[in-house]
Amino acid sequence: MVRAMSAHPAPLSAPLAPAGGVRHDWSLEEVEALFAQPFMDLILRAQLVHRAHHAANTVQMSTLLSIKTGACPEDCAYCPQSVRYDTGVGRESLMELEAVRACALRAKAAGATRFCMGAAYRAPKAKDLEAIAAMVRAVRELGLESCATLGMLTEEQAQLLRAAGLDYYNHNLDTSAEYYGEIITTRSYQDRLDTLAAVRAAGLKVCCGGILGMGESARDRAQLLVTLAGLPEHPESVPINRLVRVRGTPLADAADVDPFDFVRTLAVARILMPRAHVRLSAGREDMSDELQALCFLAGANSIFYGEKLLTTGNPDVARDRRLFARLGLTAQGHEAGSGHA
Ligand code: SAM
Ligand code: DTB
Ligand code: SF4
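Cut-offs and rules
- Residues numbered from 1 in each chain as written.
- Chains lettered and ligands numbered in written order.
- Predicted model: local features only at pLDDT ≥ 70, side-chain atom pairs only at ≥ 80, totals over all residues.
- Heavy atoms only, no water.
- Helix = DSSP H or I, 4+ residues; strand = E, 2+ residues; numbered from the N terminus.
- Rg over C-alpha atoms; globule rule 2.2 N^0.38 Å.
- Buried < 20%, exposed > 50% of the residue type's maximum accessible area, 1.4 Å probe, protein only.
- Phe/Tyr/Trp six-rings, centres within 6.5 Å; stacked < 30°, edge-to-face > 60°.
- Lys NZ or Arg CZ within 6 Å of the ring centre and 35° of its normal.
- Salt bridge = Lys/Arg side-chain N within 4 Å of Asp/Glu carboxyl O.
- 1 Å grid on protein atoms, 1.4 Å probe; cavity = no way out; pocket = protein on both sides within 12 Å on 5 of 7 lines; lining within 4 Å.
- Points joined across faces, edges and corners; volume = space filled by probe spheres on them.
- Polar contact = N/O pair within 3.5 Å; in protein donor to acceptor, adjacent residues only side chain to side chain.
- Contact = heavy atoms within 4.5 Å.
- Near = heavy atom within 4 Å.
- Sits in = over half its atoms within 2 Å of the grid points.
- Axes fitted to C-alpha atoms, helices over the stretch in contact; angles between N-to-C directions.
- Parallel < 35°, antiparallel > 145°, perpendicular 65-115°, else oblique.
- Left-handed = near helix turned anticlockwise from the far one by under 90°.
- Nonpolar A, V, L, I, M, F, W, Y, C, P; charged D, E, K, R; others polar.

Peer 1: I'd like a rundown of the overall build of the chain, residues and numbers included.
Peer 2: Within the chain one finds eleven helices and ten strands. Compactness check: the chain gives a C-alpha radius of gyration of 20 Å against a globular reference of 20 Å for 341 residues, within 12% of the reference. Overall, the chain is about 70 × 50 × 35 Å in size when its C-alpha atoms are taken along their principal axes. Relative to its 341 residues, the chain shows a buried fraction of 56%.

Peer 1: Please set out the packing of aromatic side chains residue by residue, giving values where relevant.
Peer 2: The final tally for this structure, using the stated rule, is three aromatic pairs. Centroid distance F39 to F260: 5.2 Å. Interplanar angle 65°. Geometry classified as edge-to-face. Taken together, the positions of F39 in helix α2 (residues 39–53) and F260 in helix α9 (residues 259–272) put the pair 221 residues apart, joining distant regions of the chain. By relative accessible area, which is 14% here, F39 ends up buried. For F260, a relative accessible area of 47% corresponds to the partly exposed category. The interplanar angle of 85° and the centroid separation of 6.3 Å between the aromatic rings of F296 and F324 together place this pair among those described as edge-to-face. With a gap of 28 residues between them, F296 in helix α10 (residues 289–297) and F324 in helix α11 (residues 317–327) connect regions that are remote in the sequence. A residue is classified by how much of its surface remains accessible, and F296, at 8% relative accessible area, is buried. Its relative accessible area of 8% is what places F324 among the buried residues. The residue whose ring lies beneath R23 is W26, and the NZ or CZ to ring-centre distance is 4.1 Å. The aromatic ring of F304 is capped on one face by R279, whose charged end is 4.7 Å from the ring centroid.

Peer 1: Provide a residue-level description of the pattern of salt bridges, including the pertinent values.
Peer 2: Pairs may arise between side chains of opposite charge once their charged atoms sit close together. Under the criterion given, the structure shown has 18 salt bridges. With a shortest N-O distance of 2.8 Å, D25 and R23 are connected by a salt bridge. Note that R101 is salt-bridged to E141, the shortest N-O span being 3.4 Å. Of this pair, R101 sits in helix α3 (residues 97–110) while E141 sits in helix α4 (residues 126–141); the two residues are 40 residues apart in sequence, bridging distant segments of the chain.

Peer 1: Talk me through the layout of surface pockets; I want residue IDs and the actual numbers.
Peer 2: Looking at the largest pocket, its volume works out to about 410 Å³. In terms of lining residues, the largest pocket is bounded by 21 residues, among which T63, L64, L65, E307 and K308 are the most central. Elements with a contribution of two residues or more to the lining of the largest pocket: β1 (58–68) and α3. Considering only enclosed or pocket space, the second largest pocket measures out at about 310 Å³ in volume. What lines the second largest pocket is a set of 17 residues, among which R242, L243, V244, R245 and D286 lie closest to the centre.

Peer 1: Before we move on, could you go through empty space enclosed by the protein and cite the residues and values that matter?
Peer 2: According to the stated counting rule, one finds two cavities of 30 Å³ or more in the structure shown. Put simply, the largest cavity is a space of about 830 Å³. If you trace the largest cavity, you find 43 residues lining it, with Y78, C79, Q81, N172 and L310 closest to the centre. Looking at the lining of the largest cavity, the elements that each hand over two or more residues are β1, β2 (114–119), β3 (145–149) and β7 (237–242). Tallying contributions element by element places β2 first for the lining of the largest cavity, with four residues. When residues of the lining of the second largest cavity are assigned to their parent elements, the largest contribution, three residues, is made by helix α8 (residues 218–229).

Peer 1: Describe the side chain of E74, listing the residues and the values that go with them.
Peer 2: On the secondary structure map, E74 appears in the loop between β1 and α3. Here E74 falls in the buried class, since its relative accessible area comes to 3%. A distance of 3.0 Å separates a polar atom in the side chain of E74 from a polar atom in the side chain of R122. Within the local environment of E74, its side chain forms a polar contact with the side chain of R187, the two groups lying 2.8 Å apart. When near neighbours in sequence (up to four residues on either side) are disregarded, E74 contacts S82, R84, R122, M152, T186 and R187.

Peer 1: Run through the site of ligand 2, naming residues and quoting values.
Peer 2: By nearness alone, every residue bordering ligand 2 is listed as L64, P80, T149, N170, N172, P239, N241, F304, L309, L310, T311 and T312. Measuring from an oxygen atom of ligand 2, one finds a backbone N or O atom of L310 at 3.0 Å. Interatomic distance of 2.6 Å between a side-chain N/O atom of T311 and an oxygen atom of ligand 2. Put simply, ligand 2 lies in the largest cavity.

Peer 1: Give me the lowdown on the packing of α4 against helix α5 (residues 155–163), citing residues and values where you can.
Peer 2: Close contact between α4 and α5 brings their axes to 9 Å; oriented N to C, the two are set at 25°. Taken together, the axis directions place α4 and α5 in an arrangement best described as roughly parallel. The crossing of α4 and α5 is right-handed. Along its contact with α4, which presents L129, E130, I132 and A133, the element α5 presents Q157, L160 and L161. A per-class count over the contact of α4 with α5 returns five nonpolar, one polar and one charged.

Shown next, in the form of C-alpha cells:
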C-alpha cells in the first residue's frame, strides 16, 4: 500500500457548491483555506471544476486597443497612463472611428473573438461616449464581441453603450477594499462597486478582476476573490493581471509575485466563479510557456491576444500560436465545426 505523504486531509471530498451550483457566500476563512491546500490538490480541484463548466482545452481570446491614451487624472499607482507619473506615455486624443475599425478587423483576422477598447478616463464625457458608441457598433458589425473600459459610468451611460451593442464592460476592483487606498486615492472602492452595479443594471456583462504584485498580502488577494464571488452576479470575465512594472510609476520596483501564488490565485478564482471566463491577463510577456501551461491547468481559459495590451507589450501572435499548438489548446470560436476560419 502507498503511504500517504501529506498531513492534509483529502480536500477533494469537500463540497464544491450545492448541487454543482454557484455560491455567493464564500467566507474569507474558506477562501484562505483553499489557498492553503497543497498545490497539486488545489490545481486538480480547479481543473475538475473547470471541466464541469467549460469545454476543456479551449481558450477565449480578447484583443485590446487603447482608443484614448495617457493624461489620465487618476493616480492608480500601477498605471503608466496617469498624468501624475513620468512614464514616457504621451497624451493622445480619442482615435478616429476608421482607425479603430481597421484594428478590430486585424484582431479578427488574427483569431480574436472579442475586441476590448480602453480609454484613460476617470469617466467619459457625453461627446466621447457618442463617438465610442459608434466604435462599438463598428466592432459588432465585424461579428466580434465588444468590450469597453472607460472608467466610471452612470446607469444612463451604460444604457447608451448597451443600446449601441456593447457586450461587456471591464471595471476592475484591482485588490481588496482594505488595500485599495494604498494604490489609488482619487476614487473609492465604493465608486468602483457603484459603477459595477450601474453596468449590471443596464444589462451589460461584467468583466472584473484584479492585479497581483502591488505589495498586497495573501489576505488581500483572498479578500478580492471573496468580494468578486460575493457580487450579486459573478462577473462573466475575471481578468487576473500580474503587475507590469512600468518605470516612473510608484510601483516600478515592486517585488516579484511568486509564480505558484499567481497560479493558486487563478485556481481559487476558477473554483469560486465556476462559470466565469478566468483570464490570464497582463504580465504574460515575461512568463515562460511552462508557467502559462500551469495557469491553464489551474482553470484560466481566456487571454489577451495580440502584441500589445494598452500601452505595454504582450506575447506576439506567432508565440501564442506556438504555445497553443504545443499544448493542444484551441481558440474559442475556432473549434472544429464552429464555422470559423
Ligand atoms: N481608466 C479605466 C479604469 O481604470 O477603469 C480603464 C483603463 S485601465 C488601464 C484598466 C485596467 O488595467 C486597470 O483597472 C488595471 O487593472 C489594469 N492595469 C493598468 N495598468 C496595469 C499594469 N501596469 N499592470 C497590470 N494591470 C494594469
Ligand atoms: C485588464 O484587466 N487588463 C487590461 C484590460 N483589463 C483593460 C489592461 C492591462 C494594462 C497593462 C498596462 C498597459 O498596457 O498599459
Ligand atoms: Fe487612469 Fe485607468 Fe490608468 Fe487609473 S488605471 S490611471 S483610471 S487609465
